[in-house]
Amino acid sequence: MAMSNTAEKLFTELLAIWHTHRASLLVVAVSLALLARFTTQFRNAREKVSVSPAPASPIDEKKTVQLRPEWLPENTTIVTPALNVDNHAEDDASAVVALPKRKRTPKTVKGKKTPKKAPKPAIDYNHTTDKIQPLIFFQSVTGTTERRAKQVVELLTAWTTGCDQSASFLKPQLLDLSDIDYDDYFISAPKAEENTKFFYLILAPTYNIDTLLDAFIENLSETHNDFRIDTASLGGLVGYSVFGFGDKEGWPTEEEGFCTQAKQVDKWMARLTGRKRAYPLGMGDVKTDAEDRLTEWRLGVQEALVEIAEGRGLGEGVLGSGDAMESDEEDVDDGDSGEDTPRVDDVEDLGGMANTNTTTTPIPVDFTTYKGKAKVNPNAPKEMVPTTSPTHAALTKQGYSIIGSHSGVKICRWTKSALRGRGSCYKYSFYGIASHLCMEATPSLSCSNKCVFCWRHGTNPVGTTWRWVTDAPDVIFDGITAAHYKKIKMMKGVPGVRAERFAEAMRIRHCALSLVGEPIFYPHINELLQIMHANRISTFLVCNAQHPAQLASLVPVTQLYVSIDASNKESLRKVDRPLHRDYWERFCACLDILRARRFEQRTVFRLTLVKGFNMEEEVKGYADLVERALPCFVEVKGVTYCGTSAAGSAGLTMQNVPFYEEVAEFVTLLETELNSRGLYYGIGAEHAHSCCILLADSNRFKREGRWATRIDFERFFDLYEGKVEGTRMENGKVVGWKPEDYIGPDTPEWALWGNKGFDPRDQRVDRKGRPKTEEEAKASPKERAAARQAALEF
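The name given to the protein chain in an unreviewed UniProt entry is tRNA 4-demethylwyosine synthase (AdoMet-dependent), with Epicoccum nigrum as the source organism. Annotation of the protein chain in UniProt includes, under Pathway (unreviewed entry), the sentence "tRNA modification; wybutosine-tRNA(Phe) biosynthesis." The Catalytic activity (unreviewed entry) comment attached to the protein chain in UniProt states, word for word, "N(1)-methylguanosine(37) in tRNA(Phe) + pyruvate + S-adenosyl-L-methionine = 4-demethylwyosine(37) in tRNA(Phe) + 5'-deoxyadenosine + L-methionine + CO2 + H2O".

Undergrad: Quick question: what am I supposed to make of the overall build of the protein chain here?
TA: Each helix and strand in the protein chain was counted, giving 24 helices and 19 strands. For the protein chain, restricting intrachain contacts to residue pairs at least 6 apart in sequence, the fraction spanning at least 24 positions comes to 78%. In the structure as shown, the protein chain presents an accessible area of about 38,300 Å², 53% of it carried by carbon and sulfur atoms.

Undergrad: Any chance you could explain the sheet that holds strand β4 (residues 239-246) here in plain terms?
TA: In a beta sheet, neighbouring strands are held together by backbone hydrogen bonds and run either parallel or antiparallel to one another. One open sheet holds the 5 strands; their spatial order is β2-β1-β3-β4-β5, and the pairing between them is parallel. A single partner strand is all that each edge strand has here, and the edge strands are β2 (173-176) and β5 (282-285). Within the sheet, the average angular offset between the axes of one strand and its neighbour, ignoring direction, is 20°. Summarising the sheet, β4 and β5 pair through 4 bridges and their orientation is parallel. Residue pairing across strands places Gly244 opposite Met283, the latter belonging to β5. Across the sheet, helix α6 (residues 260-273) lies against β3 (196-205), β4 and β5, angled at about 170° from β4, the strand it touches most.

Undergrad: Before we go on, may I ask you to explain the confidence of the model for the protein chain in this structure?
TA: Interpreting fine coordinate detail is not advised for predicted regions of low pLDDT. Confidence in the prediction for the protein chain averages 78 pLDDT; 74% of positions are at 70 or higher. Ignoring residues within four places in sequence, the model shows residues 46-121, a span with pLDDT below 50, making 119 contacts including any to other chains.

Undergrad: Which parts of the structure should I look at to understand helix α22 (residues 713-720)?
TA: An α-helical segment advances 3.6 residues per turn. Residues three or four places apart therefore align on the same side. Restricting attention to buried positions, one finds in α22 the residues Phe713, Phe716, Phe717, Leu719 and Tyr720. Looking straight down α22, one finds that the buried residues subtend no more than 160° of arc, so they occupy a single side. On the buried face of α22, the contacting elements are α11 (426-431), α14 (525-534), β10 (538-543) and β18 (728-730). Measuring from the backbone nitrogen of Glu714 back to the side-chain oxygen at the start of α22 gives 3.5 Å, which picks out Asp712 as the cap. Residue Gly722 follows α22 closely and has a positive phi angle near 75°.

Undergrad: What am I meant to see in the sheet that holds strand β9 (residues 510-513) here?
TA: Pairing is mixed in the open sheet, where 10 strands are placed in the order β6-β7-β8-β9-β10-β11-β12-β13-β15-β14. The outermost strands of the open sheet, each flanked by one partner alone, are β6 (401-403) and β14 (681-687). Within the sheet, the average angular offset between the axes of one strand and its neighbour, ignoring direction, is 25°. Sheet topology places strand β8 (residues 438-442) next to β9; 4 bridges connect them, and they run parallel. Within β9, the position partnered with Cys438 by the bridge is His510.

Undergrad: Can you walk me through the packing of helix α18 (residues 619-629) against helix α20 (residues 660-676) in this structure?
TA: Helix packing geometry: the angle between the two helix axes and the distance between the axes. In the contact formed by α18 and α20, the axes pass within 9 Å of each other and the chain directions differ by 55°. One finds that α18 runs oblique with respect to α20. Of the two elements, α18 crosses α20, and the hand of that crossing is right-handed. Across the interface between the two elements, Val619, Lys620, Tyr622, Ala623 and Val626 of α18 pack against Phe666, Leu669, Leu670, Glu673 and Leu674 of α20.

Undergrad: Explanation requested: the pattern of salt bridges in the structure shown.
TA: Close approach of charged atoms lets side chains of opposite charge pair. The final tally for this structure, using the stated rule, is 34 salt bridges. Arg312 is the partner of Glu310 in a salt bridge, and the nearest nitrogen-oxygen pair spans 2.6 Å. Between Asp746 and Arg703 there is a salt bridge, with its nearest N and O atoms 2.9 Å apart. Pair noted here: Asp746 is in the loop between β19 (733-735) and α23 (774-778) and Arg703 is in strand β16 (residues 702-703), with a separation of 43 residues, a long-range link.

Undergrad: So what exactly am I meant to see when it comes to the nonpolar core here?
TA: A general feature of soluble globular proteins is that nonpolar side chains tend to end up buried together. In this structure, Leu541, Ile564, Phe605, Leu607, Phe666 and Leu670 are the most contacted members of the largest nonpolar core, which totals 77 residues. Considering each element in turn, this core owes the most residues, 8 residues, to helix α17 (residues 583-596). Phe186, Leu212, Ala215 and Val265 belong to the second-largest nonpolar core, a separate cluster that totals 32 residues.

Undergrad: Sorry, what's going on with the packing of aromatic side chains here?
TA: Aromatic ring pairs: the centre-centre distance and the angle between the two ring planes describe each pair. According to the stated counting rule, one finds 27 aromatic pairs in the structure shown. Ring centres of Trp159 and Phe169 lie 5.3 Å apart, and the angle between their planes is 45°; this geometry places the pair in the tilted category. Linking Trp159 in helix α3 (residues 144-162) with Phe169 in the loop between α3 and β2, this pair joins segments that are 10 residues apart in sequence. Its relative accessible area of 17% is what places Trp159 among the buried residues. Residue classification places Phe169 among the buried positions, given a relative accessible area of 8%. Between Tyr431 and Phe633 the ring centres are 5.9 Å apart and the planes differ by 75°, which places this aromatic pair in the edge-to-face class. Taken as a pair, Tyr431 in helix α11 and Phe633 in strand β13 (residues 633-638) lie far apart in primary sequence, 202 residues in all.

Undergrad: Would you explain the packing of helix α12 (residues 473-489) against α14 in this entry?
TA: Packing of α12 against α14 leaves a shortest axis separation of 9 Å and a crossing angle of 50°. Accordingly, the angle class assigned to the pair α12 and α14 is oblique. The handedness of the crossing between α12 and α14 is right-handed. The segment α12 lies against α14, with Pro473, Asp474, Ile476, Phe477 and Ile480 engaging Glu527, Leu528, Ile531 and Met532.

Undergrad: Is there a simple way to think about the side chain of Glu686 in this case?
TA: Following the sequence through the fold, Glu686 ends up in strand β14. Comment: no salt bridge for buried Glu686; closest opposite-charge side chain is Lys756, at 5.4 Å. Those residues within four positions of Glu686 in sequence are excluded, and the remaining contacts are Ser429, Phe430, Tyr660, Cys692, Ile693, Ala751, Leu752, Trp753, Gly754, Asn755, Lys756 and Gly757.

Undergrad: Before we go on, may I ask you to explain unusual backbone geometry in this structure?
TA: Outside of glycine, negative phi angles account for most residues, and trans bonds account for most peptide bonds. The backbone of Arg577 shows a phi angle near 45°, a positive value even though the residue is not glycine. Note on placement: Arg577 falls in the loop between α16 (569-576) and α17. Judged by relative accessible area, which is 10%, Arg577 ranks as buried. Despite not being glycine, Leu630 has its phi angle at roughly 50°, a positive value. The residue Leu630 is located in the loop between α18 and β13 in this model. By relative accessible area, which is 18% here, Leu630 ends up buried.

Undergrad: Explain the side chain of His510 here, please?
TA: Residue placement: His510 occurs in strand β9. His510 sits in the buried class, given a relative accessible area of 2%. Of note is the side chain of His510, whose polar atom sits 2.7 Å from the side chain of Ser538. Not counting the four nearest positions on each side in its chain, His510 is found in contact with Ile433, Leu437, Cys438, Met439, Ile537, Ser538, Thr539 and Phe540.

Undergrad: I tried to follow the pairing of strand β1 (residues 131-138) on my own but got confused; where do I start?
TA: The two faces of the sheet receive side chains in turn, since in a regular strand these alternate between them. Counting buried positions along β1 gives 7 out of 8 residues, so the element sits mostly inside the fold. Where β1 meets β3, 8 bridges bridge the pair, whose relative direction is parallel. Note on β3: the bridge partner recorded for Ile132 is Lys197. Sheet topology places β1 next to β2; 4 bridges connect them, and they run parallel. Residue Ile136 lies in a different strand from β2, and its bridge partner there is Leu174. This β-α-β element, β1 to α3 to β2, shows right-handed connectivity.

The rules behind these values
Residues numbered from 1 in each chain as written. Predicted model: local features only at pLDDT ≥ 70, side-chain atom pairs only at ≥ 80, totals over all residues. Heavy atoms only, no water. UniProt positions renumbered as here; feature names shortened; annotations may be inferred. Helix = DSSP H or I, 4+ residues; strand = E, 2+ residues; numbered from the N terminus. Contact = heavy atoms within 4.5 Å. Areas by Shrake-Rupley, 256 points an atom, 1.4 Å probe, with all protein chains shown as cover. Pairing = 2+ DSSP bridges. Axes fitted to C-alpha atoms, helices over the stretch in contact; angles between N-to-C directions. pLDDT = per-residue confidence, 0-100. Buried < 20%, exposed > 50% of the residue type's maximum accessible area, 1.4 Å probe, protein only. Arc of directions from axis to C-beta. Polar contact = N/O pair within 3.5 Å; in protein donor to acceptor, adjacent residues only side chain to side chain. Parallel < 35°, antiparallel > 145°, perpendicular 65-115°, else oblique. Left-handed = near helix turned anticlockwise from the far one by under 90°. Salt bridge = Lys/Arg side-chain N within 4 Å of Asp/Glu carboxyl O. Core = buried A, V, L, I, M, F, W, Y, C linked by side-chain atoms within 4.5 Å. Phe/Tyr/Trp six-rings, centres within 6.5 Å; stacked < 30°, edge-to-face > 60°. Lys, Arg positive; Asp, Glu negative; His and termini not counted. Right-handed = clockwise from strand over helix to strand, strands pointing away.

Structure (structure tokens):
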């Protein structure tokens, strides 16, 4: 009974509490229910956003159809995806089939924001046993950066030998980015003795013209994104730092272009080294504080080197000491995002994506010459060689006339020689082209190689894709012909110029598209060639075997050249120093194209022999290439030494220039090797003055036992224009005729092998313009050198 009273009393108290607080309790219960419901709905919505789309079925995807062009022989090695052919106006030829664009999938939005701070990379350096080798890289057009780089080397050398940690450092080395092979230094740390670690310093000026620095930056980008190479392939370095030179007069802020290229170098080096930035990017204005900023940067680098040498790694408390926190771009995950898609780490970031435009990189600036204040549109194509650029000044000083922004013309020394009756070049001995009737020009001053023997010493721009303002072909033709005639007129007052030859020179009969750069790089090269042919100007076009798509779509020319500067991949890399990574595949593809087109036009291999680079024990290799492409002719020429420091820094000296007898011996061995393979090439002509010898296909260019290497130019144009019955041009292809149909007269006796190849109607002179005796003219260079030495000893 007592228990019942207690329960009744408890119930009464609870009921009293309920009546007193029931309003508050109901509000709390409803709030909790609503909160639980909203939480459930929010979680479901988050899960739906984060679910990745189901992968598309492979059956539904469009497959790329690899078409074999009609001109391509069955044994070709051309592989379109591997070639990575440049994407410009000429590249839609049948030689290349574009791959379909990869479909972009929706971005996965993460619920938790990922912290950007990353752990510092470990430095693989033992301060008790290892030594640090500083390497200072630079690129210079005007020579200013080179001078400052040498100054840095001198100061660092003095510091490393006098500091307390001198035993930890090796002597700093200076390297020109124009001369080195990038793969030797920027795929992995260079090979060295055990216990040697490398530290990179890079001095980078910024220009608004294309220089080798653009190719260098592109190479760094390709290395980082190459799936075959570790993304941090330079992780073996103990550190790096970059200094940039710019001009704040035209571009006062970094966003407007100040030191743009240096920033790009710093960004890609951070990725390739695993963020081993030892000291922040330095930047100096060349017109105000460049020297002071460079000194500050150098002292900071020295402090970083001390910390590494003492075993403290990249140091603490220095902005950029390994974590690269100041550069957001270094935290972007390239693998999952689209090319222009910004990274999204939180839901709040979605709102900012709606109005985000595609980001672009500001174009480089020319800090040496730019005077204006106007802002530059980053999306607008730039000029290849602006009139205010140091490249324009350098080429003009060398005697070039720049037409528009990317074409050039120059009067050849052989043209001057022929005007004065002192002989024409090898083209007259071999093919009948008098030098005073010839114009040497190019529609593209840019090249994709940086050959060790190039006459231009790196002053011309370089690049692998056409991305410049493009001039119309008729504008180029009018410009180069007008400039050529102007240069000819300047010769009328030169002593010794013959009146009849001066009059003949005012009618251009031939154009050698081989001046500088890569002519087929110009997107409208076919239209330019057609204009020349319409004016009955014959054409010799020289290409460097690095642009197979453009070569395949090229209209027939009078004679088509391919430069063959090496017989194997490694030798080609050392001699031509190509910018394309797949240079050997491109080279082989061009040989196959040449073989397929050998019955449409006269085809020529141009071999430039450089002693110590591409001559020794390479005869069989060259024979392999001839057997592959079966050219009509093989021109073998000894390299011409330019006598400049630029050539010397590339490893080329007078010791690399072969004597004419050495070239002749090489050609004789090559002829023997080809004949042993059933390829009946013979020595058809020579021009000793040019150190050049011609091998020709005897089955095609011998007539009744006599060599017939010359060209009937009028016959060529009659065939080209369809004036001969059954012949015509159709879709850029010849129909009903072949090179044998415009063979000219027999090769003259004086041009044949053994007669030196100098026209007896002209007069050879020595360097001072004095006529040479018959014995002196016939003497070889080696014999003349021996005679001079004997005279000195006497």
